[in-house]
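Analysis of the macromolecular model
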Amino acid sequence: MDSALSDPHNGSAEAGGPTNGTTRPPSTPEGIALAYGSLLLMALLPIFFGALRSVRCARGKNASDMPETITSRDAARFPIIASCTLLGLYLFFKIFSQEYINLLLSMYFFVLGILALSHTISPFMNKFFPANFPNRQYQLLFTQGSGENKEEIINYEFDTKDLVCLGLSSIVGVWYLLRKHWIANNLFGLAFSLNGVELLHLNNVSTGCILLGGLFIYDVFWVFGTNVMVTVAKSFEAPIKLVFPQDLLEKGLEADNFAMLGLGDIVIPGIFIALLLRFDISLKKNTHTYFYTSFAAYIFGLGLTIFIMHIFKHAQPALLYLVPACIGFPVLVALAKGEVTEMFSYESSAEILPHTPRLTHFPTVSGSPASLADSMQQKLAGPRRRRPQNPSAIYEESNPKDPAAVTESKEGTEASTSKGLEKKEK
């Protein structure tokens, strides 16, 4: 996972440009400001809209859009898994040909990018379809086994409108595959970021602190301790980072002196900010205090990252500045409002499927297994009361339709009445 803000040093041929001994002309201050401002804006868009869509996703009932909940165990293991993946990619680029690795990865992200972009633009495109558009429903279902042992592998529901969005996204995919243009790269990167913020849900604030704290150490180590992350980020030709050219004003769309921001610097703080938005809604106070606080903290942290990088002319681990800001600012607000307990006791996973019954307590059982088995057998062997299968059976038992039964009941009633009169006469 790339998680560093990188600046190709002005006047060098270090990142993505010619490496034949020629040097680039220094980027102008206007070009640098435009590049950094564009990266900041592109980072804010998927966080803001992804957080809003995460609320609808948590309340939705569509199985294909169910979020993936991150637990504290997942959060603790994630930095280790990310470190192994990063080091493995670094070794691959050192041992094998970079050209063939990037070709394989390009095909992989070509498919993922089309699906992610299609899912991203689908809600916006639905507003442009006419009311009489022939929209048909489809379901892609893959199962394993048969009978009672059948297990669903893939269950995805889509319609004709989704197919149209898939076709439009395929055009961007072909453009990226053939040209590797930075605009196509950013479209896929924004789609990946928005989908990550929308569909990856932290179950509580404590899990978010564990995840951000672990990746804080991960980011600092791999950026400052080694050159692994920067090397992978510059060698990895895949939409895992947002890029913007610093020489756009001089070269136009064919510019090649890029500043870059890893998607990890967007998605990781973004899912924490989305969690705070859902926490705001759970308070039912019609305010989004914690969401706006954390959103402002992200802007402050990323702006500080850009400033430090520009001063020292060295790639910076953005999470070094983002994690303290995104955690510290909301916690200070909670301390001021006296809502720290509510914040850390909030469980986001309880709102994913509100229509599903949940087990709130466990029954207490005692005794040995043999005694429990004996008691169960006695209950099974005991007399059972016969229950009518439907209300009509109850009505028929209390009101028999057989005329003979009705006559017998009348005769019984008359006999009991005559016996009562004889007792009164005596």
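Being a predicted model, the structure only gives us computed values, none of them experimental.

1. Describing the overall build of the protein
Along the backbone of the protein there are 15 helices and seven strands. Evaluated residue by residue, the protein yields a buried proportion of 39% over its 426 residues. Residue pairs in contact within the protein that sit at least 24 positions apart in sequence constitute 76% of those at least 6 positions apart. If you sum the accessible surface of the protein, you get close to 24500 Å²; carbon and sulfur atoms cover 63% of it.

2. Some remarks on the packing of helix 5 (residues 182-199) against helix 9 (residues 264-283)
Where helix 5 meets helix 9, the closest approach of the two axes is 8 Å, and the angle between their N-to-C directions is 35°. The two elements helix 5 and helix 9 meet at a crossing, and its hand is right-handed. Contacts between helix 5 and helix 9 involve S193, G196 and V197 from the former and I266, V267, G270, I271 and A274 from the latter.

3. Looking at the UniProt feature "transmembrane region" (unreviewed entry) in the protein
Under the present numbering, the feature "transmembrane region" (unreviewed entry) in UniProt falls on residues 33-55, 75-93, 100-121, 199-224, 258-277, 289-312 and 318-336. The distance separating the terminal C-alpha atoms of residues 199-224 is 31 Å; by composition the span is 81% helix and 12% strand.

4. Observations concerning the nonpolar core
Grouped together as the largest cluster of nonpolar side chains are 82 residues, with contacts concentrated most on F236, I266 and Y298. Looking at which element gives the most residues to this core, the answer is helix 9, with 11 residues. Not counting chain neighbours up to four residues away, the residues in contact with Y298 comprise A43, L44, I47, D265, I266, P269, I273, L322 and C326.

5. Let's talk about a nonpolar patch on the surface
Judged by side-chain polarity, L87, L91, F92, I95 and F96 come together as a nonpolar surface patch covering roughly 510 Å² of accessible area. Structurally, I95 can be placed in helix 2 (residues 72-95). Note on I95: relative accessible area 64%, which makes it exposed.

6. Examining the pairing of strand 7 (residues 258-262)
Counting buried residues along strand 7, five of its five residues qualify, which places the element largely inside the surrounding structure. In strand 7, alternate side chains face the same way, and those of F258, M260 and G262 on one face and A259 and L261 on the other are all buried.

Cut-offs used in this document
- Residues numbered from 1 in each chain as written.
- Predicted model: local features only at pLDDT ≥ 70, side-chain atom pairs only at ≥ 80, totals over all residues.
- Heavy atoms only, no water.
- Helix = DSSP H or I, 4+ residues; strand = E, 2+ residues; numbered from the N terminus.
- Buried < 20%, exposed > 50% of the residue type's maximum accessible area, 1.4 Å probe, protein only.
- Contact = heavy atoms within 4.5 Å.
- Areas by Shrake-Rupley, 256 points an atom, 1.4 Å probe, with all protein chains shown as cover.
- Axes fitted to C-alpha atoms, helices over the stretch in contact; angles between N-to-C directions.
- Left-handed = near helix turned anticlockwise from the far one by under 90°.
- UniProt positions renumbered as here; feature names shortened; annotations may be inferred.
- Core = buried A, V, L, I, M, F, W, Y, C linked by side-chain atoms within 4.5 Å.
- Patch = residues over 30% accessible without salt bridge, like charges linked within 9 Å, V, L, I, M, F, W, Y side chains within 5 Å.
- Salt bridge = Lys/Arg side-chain N within 4 Å of Asp/Glu carboxyl O.

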